[in-house]
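# Coordinate inspection notes
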Amino acid sequence: MPKQIKPRAVRLEFAPGALVHCNLSGAAFSGSDWLWVAGDEACGLDRLQRLTPEGDEQLRFGAPVNFPLAELLDLPGGAEDEADLEGLALAEGYLWVVGSHGIKRKNAKPGKYASENARRLAKLALDPNRRLIARIPVEADAAGQPVLRSRTLDGRSALRLKGDALDNELTRLLADDPHLAPFLAIPGKDNGLDIEGLAVMGSRLLLGLRGPVLRGWSGLLEIALEERGGQLRLAALDKDGTKLRKHFLQLNGLGVRDLHFSGDDLYILAGPTMVLDGAIRIFRWADARGQLAANREACSFQEALSLHLELPHGQGCNRAEALCELPPELAGAQRHWLALYDAPGPERREGEYTVFGDLLS
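In this text, all values refer to a predicted model and were calculated from it rather than measured experimentally.

Across its full length, the chain holds four helices and 26 strands. Scaling as 2.2 N^0.38, a compact globule of 361 residues should have a C-alpha radius of gyration of about 21 Å, and the chain matches this with 19 Å. For the chain, the spread of C-alpha atoms along the principal axes amounts to about 55 × 55 × 40 Å. Here the chain holds 361 residues, and the buried ones make up 58% of them. The long-range share in the chain, meaning contacts at least 24 apart out of those at least 6 apart in sequence, stands at 60%. Carbon and sulfur atoms provide 49% of the accessible area of the chain, an area that totals close to 14,900 Å².

A few words on the pairing of strand 15 (residues 217-228). Across the twelve residues of strand 15, nine count as buried, placing the element largely inside the fold. In this sheet, strand 15 lies alongside strand 14 (residues 204-211) in antiparallel orientation, the contact comprising five bridges. Bridged to Arg 204 within strand 15 is Ala 224. What sits between strand 14 and strand 15 in their antiparallel hairpin is a turn of five residues, with Arg 215 showing a positive phi close to 50°. Inspection of the sheet shows strand 15 paired to strand 17 (residues 245-250) by six bridges, in the antiparallel sense.

Where side chains of opposite charge bring their charged atoms close, a pairing between them can arise. Across all of its chains, the model carries 30 salt bridges by this definition. In this structure, the salt-bridge partner of Lys 189 is Asp 194, at a minimum N-O distance of 3.1 Å. Between Arg 319 and Asp 277 there is a salt bridge, with the nearest N and O atoms lying 3.2 Å from each other. Within this pair, whereas Arg 319 is found in strand 23 (residues 319-325), its partner Asp 277 is found in the loop between strand 19 (265-271) and strand 20 (280-285), the two being separated by 42 residues in sequence. Given the relative accessible area of 29%, Asp 277 is considered partly exposed.

Another point: the sheet that holds strand 18 (residues 255-262). Taken in spatial order, the four strands of this open sheet run 18-19-20-22, and their pairing is antiparallel. Looking at strand neighbours, the two that pair on one side only are strand 18 and strand 22 (306-311), the edges of this open sheet. Across the sheet, the mean angle separating the axes of adjacent strands is 25° when strand polarity is ignored. Both strand 18 and strand 19 contribute to a ladder of seven bridges, which runs antiparallel. When the sheet's bridge partners are listed, Phe 261 is paired in strand 19 with Leu 266.

It is worth spelling out the packing of aromatic side chains at this point. Throughout the structure, instances matching the rule amount to five aromatic pairs. An angle of 90° between the planes, with centres 5.1 Å apart, marks the rings of Trp 217 and Phe 301 as edge-to-face. With Trp 217 in strand 15 and Phe 301 in strand 21 (residues 299-302), this pair connects stretches of sequence that are 84 residues apart. Classification of Trp 217 as buried rests on a relative accessible area of 18%. Pairwise contacts between aromatic rings join Trp 217, Phe 248 and Phe 301 into one cluster. Over the ring of Tyr 94 we find Arg 156; its NZ or CZ atom is 5.4 Å from the centre of that ring. The cationic tip of Arg 348 hangs over the ring face of Tyr 341; the distance from NZ or CZ to the ring centre is 3.7 Å.

Right, let's get into the state of the cysteines. Here a disulfide denotes one covalent bond, and it connects the sulfur atoms of two cysteines. Scanning all chains against the criterion turns up zero disulfides. Here Cys 22 is not cross-linked by a disulfide; its sulfur's nearest cysteine counterpart is in Cys 317, at 11 Å. The exposure class of Cys 22 is partly exposed, given its relative accessible area of 23%.

Another point: the environment of Thr 242. Mapped onto the elements of the fold, Thr 242 is located in the loop between strand 16 (231-235) and strand 17. Taking the C-alpha atoms as reference points, Thr 242 and His 21, 221 residues apart in sequence, are found 39 Å from one another. Contacts of Thr 242, omitting those with residues within four sequence positions, involve Ala 235, Ala 236 and Leu 237.

So, how was this worked out
- Each chain has its residues counted from 1, running along the sequence as written.
- Per-residue local features are limited, in this predicted model, to residues with pLDDT of at least 70; the limit for side-chain atom pairs, both in listing and counting, is 80 or more; totals at the level of whole chains, interfaces and linings are taken over all residues.
- Hydrogens and waters are ignored; side-chain quantities use all the structure's heavy atoms.
- Helix and strand definitions follow DSSP, with helices as H or I runs of at least four residues and strands as E runs of at least two, each counted in order from the N terminus.
- Only the C-alpha atoms count toward the radius of gyration. The rule for a globule is 2.2 Å times the residue count to the power 0.38.
- Each residue is placed in one exposure class: buried if its accessible area under a 1.4 Å probe, protein chains only, is under 20% of its type's maximum, exposed if it is over 50%, and partly exposed if it falls in between.
- For this analysis, residues touch if any pair of their heavy atoms sits within 4.5 Å.
- Here, Shrake-Rupley sampling with a 1.4 Å probe gives the accessible areas, and only protein chains in the shown set may cover a residue.
- Only strands joined by at least two bridges in the DSSP assignment are considered to pair.
- By convention in these notes, a salt bridge is any Lys or Arg side-chain nitrogen within 4 Å of a carboxyl oxygen on Asp or Glu.
- With axes taken as lines fitted to C-alpha atoms, and helix axes fitted only over the stretch in contact, angles between N-to-C directions fall between 0 and 180 degrees.
- Between rings of Phe, Tyr and Trp, where Trp is taken as its six-membered ring, a pair exists when centres lie within 6.5 Å; planes separated by under 30 degrees are stacked, by over 60 edge-to-face, and by other angles tilted.
- For a lysine, the NZ atom is tested; for an arginine, the CZ atom; a charge sits over a ring if that atom is within 6 Å of the ring centre and within 35 degrees of the ring normal.
- Sulfur atoms of two cysteines make up a disulfide when they are within 2.5 Å.

Listed below in structure tokens is the structure:
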């Protein structure tokens, strides 16, 4: 369980023109040599290779390879439309991805007339690719390096949850939900629906909500998926046909920024739901796997979450949004974790396309 921070201990080197280095939002390891990362302003995934460290950092990843989602999936939107990817998880040979699912509001801009900024602030939009839940098979290429495939030699295919440019099976289900339906029409950064965490348990997914936070309770959605008709479809969680369970977490008013299983425990990276500078903390839900497997209620409330670490943040920068555990080959005898940051400040950057993450131990 993380208790200490080693700042700037992990160097990430990206290619010129990269879209994700300043908006990192998800991370997952393929063994000890490969790190997958996602950003919330792109429509693809980057694979980084472990390199010999330089300077004072303990780990260095670079030699990036980009995998555009449009080459792997039949996307609901255009190939260049932002997917706002917010969560990554590697499980059973698949890399799972989730978009925020939320609508967005235009922001006011300095130097514009008040009347124009008022119009901008009233304008809402939905990028179709944001409503994406997908699994993409990982396969070793001829050089033994992990790559993403639309279809593998052993017959696995890249699939997404059934949906179109407006909604998918999850948002249609939430449209009738008494807790979440009112928030589908509210922008994610205004405490509307905003998925930012992903964890996988077999055929089940846990989706962590940055918003809405309801009277201080953060939300965790549990769904099950199955392959049917060349698509992923919502499946029943039990013999009664339940397709959604909600778990409300007491995170002291914070929303979920990322999720990661370590053994049976679930670690929750939490931060402000609104666009503001504030506490960013890591909580632990002990024996979450066992409790989730035993639960049969449509809603549960989890108050017995332990606070393990508070991460640094800056003024308008350095917001931790990705958390994952290092594989044993890298961590050694003691567990180590990687934390990556959206909007890295000057102290987390070197040149234009190199950024630094933290090691937690």
